Amino acid sequence: MIETGVHILDQAAWASLTGPHAHFAQGDGRALRYRPEISPIMAIPPEADERAWADLHALVGRRGQAFLSADIGTPPDGWTVEVRGEGVQLVSTAALRSEPSAGLVVLGAADVPEMLELVARTKPGPFEVETYRLGTYLGVRRAGRLVAMAGERLHPPGWTEISAVCTDPEFRGQGLASTLVRAVAHNIRERGEIPFMHAAASNVNAIRLYLSMGFELRRTRQFTVLTSPDRNP
């Protein structure tokens, strides 16, 4: 739980940036963001007040964009909602069978060009040149080519998000996503933490897969991109 009884996963980005990922954070006061080369995700506290929005404005600047992965309600005057996406949050249960796989490779800095190319082809969500630093990323290679991957992103205390699950269209239907999710979940559980995931509400096939693997729907949530007021912070 964080602040006022809010569950830690309701504000997973804020809990990450003020906790295990604090060394990746920029900003102070009541607004934080990952360094741009790491992730576009930003966060304000569960009980966002005028000070939090003012600090967010200072963080992004005049007519700057803020990417918030939390439900924010109606923003203050001057803020413009550019995108409001519907998503779901899933948490693992005892039914999830997690296991390592000898056929996977650990991805790092040398693999970034291929990781970015795979993300561009499959569009699993935001992924930047140093996103891989947020946790362990695993991949599948076929004839030397990276064709699937998954890894760790948000890290609230006691929890780790499985993210960037993607498979090249040419190699779908082979169970690669399931293999990767189970392996990433294995690494998370080995640390004594609990895996969780986010997915776009429209991605019904992925949600169906995760539910069949042993995840359960915890809640729906919003992902919002806003433009700050056209005045100096």
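Keep in mind that this is a model prediction, so the values were computed, not measured.

### With respect to the overall build of the chain
Point 1. Helix and strand counts for the chain stand at 5 helices and 11 strands.
Point 2. For 233 residues, the compact-globule estimate of 2.2 N^0.38 gives 17 Å, and the C-alpha radius of gyration of the chain, at 18 Å, lies within 12% of that figure.
Point 3. A principal-axis box enclosing the C-alpha atoms of the chain has dimensions of 55 × 35 × 30 Å.
Point 4. Here the chain holds 233 residues, and the buried ones make up 52% of them.
Point 5. Side-chain charges in the chain split into 24 positive and 26 negative, and the spacing between the mean points of these groups amounts to 4 Å.

### Looking at the sheet that holds strand S1 (residues 25–26)
Point 1. Taken in spatial order, the 11 strands of this open sheet run S1-S2-S3-S4-S11-S5-S10-S9-S8-S7-S6, and their pairing is mixed. In this open sheet, the two edge strands, each paired with only one partner strand, are S1 and strand S6 (105–107).
Point 2. Examined bridge by bridge, strand S3 (residues 41–43) and strand S4 (residues 65–68) share 2 bridges and lie parallel to one another. By the bridge assignment for S4, Met42 is matched with Leu68.
Point 3. Packing of helix H2 (residues 50–60) onto the sheet brings it into contact with S1, strand S2 (32–34), S3, S4 and strand S11 (215–227), and relative to S4 it is tilted by some 125°.
Point 4. This element, helix H4 (residues 176–190), spans strand S5 (80–92), strand S7 (137–142), strand S8 (145–152), strand S9 (159–167), strand S10 (194–200) and S11 of the sheet and lies at about 35° to S8.

### Some points on the side chain of Glu152
Point 1. Within the secondary structure, Glu152 sits in strand S8.
Point 2. Residue Glu152 is classed as buried on the basis of its relative accessible area of 3%.

### So, helix H3 (residues 112–122)
Point 1. Of all the residues in H3, the buried ones are Val112, Met115, Leu118, Val119 and Thr122. Taken end-on, H3 shows its buried residues confined to a sector of 120°, consistent with a single buried face.
Point 2. Looking at the packing, one finds that the buried side of H3 touches S6, S7, S8 and S9.
Point 3. Where H3 terminates, the next one or two residues include Lys123, which has phi positive at roughly 55°.

### Points about the nonpolar core
Point 1. Membership of the largest hydrophobic core comes to 27 residues, with the highest contact counts inside it found for Leu90, Ile162, Val165, Val181, Met197, Tyr210 and Phe215.
Point 2. Secondary structure elements with two or more residues in this core: S5, S7, S8, S9, H4, S10 and helix H5 (204–213).
Point 3. The element best represented in this core is H4, accounting for 8 residues.
Point 4. Setting aside its immediate chain neighbours within four residues, Ile162 contacts Gly151, Val181, Val184, Ala185, Ile188, Pro195, Phe196, Met197 and Phe215.
Point 5. In terms of nonpolar packing, the next biggest core, distinct from the first, is built from 20 residues, Ala12, Leu32, Ile38 and Ile41 among them.

Parameters at a glance
- Residues numbered from 1 in each chain as written.
- Predicted model: local features only at pLDDT ≥ 70, side-chain atom pairs only at ≥ 80, totals over all residues.
- Heavy atoms only, no water.
- Helix = DSSP H or I, 4+ residues; strand = E, 2+ residues; numbered from the N terminus.
- Rg over C-alpha atoms; globule rule 2.2 N^0.38 Å.
- Buried < 20%, exposed > 50% of the residue type's maximum accessible area, 1.4 Å probe, protein only.
- Lys, Arg positive; Asp, Glu negative; His and termini not counted.
- Charge placed at Lys NZ, Arg CZ, Asp CG, Glu CD.
- Pairing = 2+ DSSP bridges.
- Contact = heavy atoms within 4.5 Å.
- Axes fitted to C-alpha atoms, helices over the stretch in contact; angles between N-to-C directions.
- Arc of directions from axis to C-beta.
- Core = buried A, V, L, I, M, F, W, Y, C linked by side-chain atoms within 4.5 Å.

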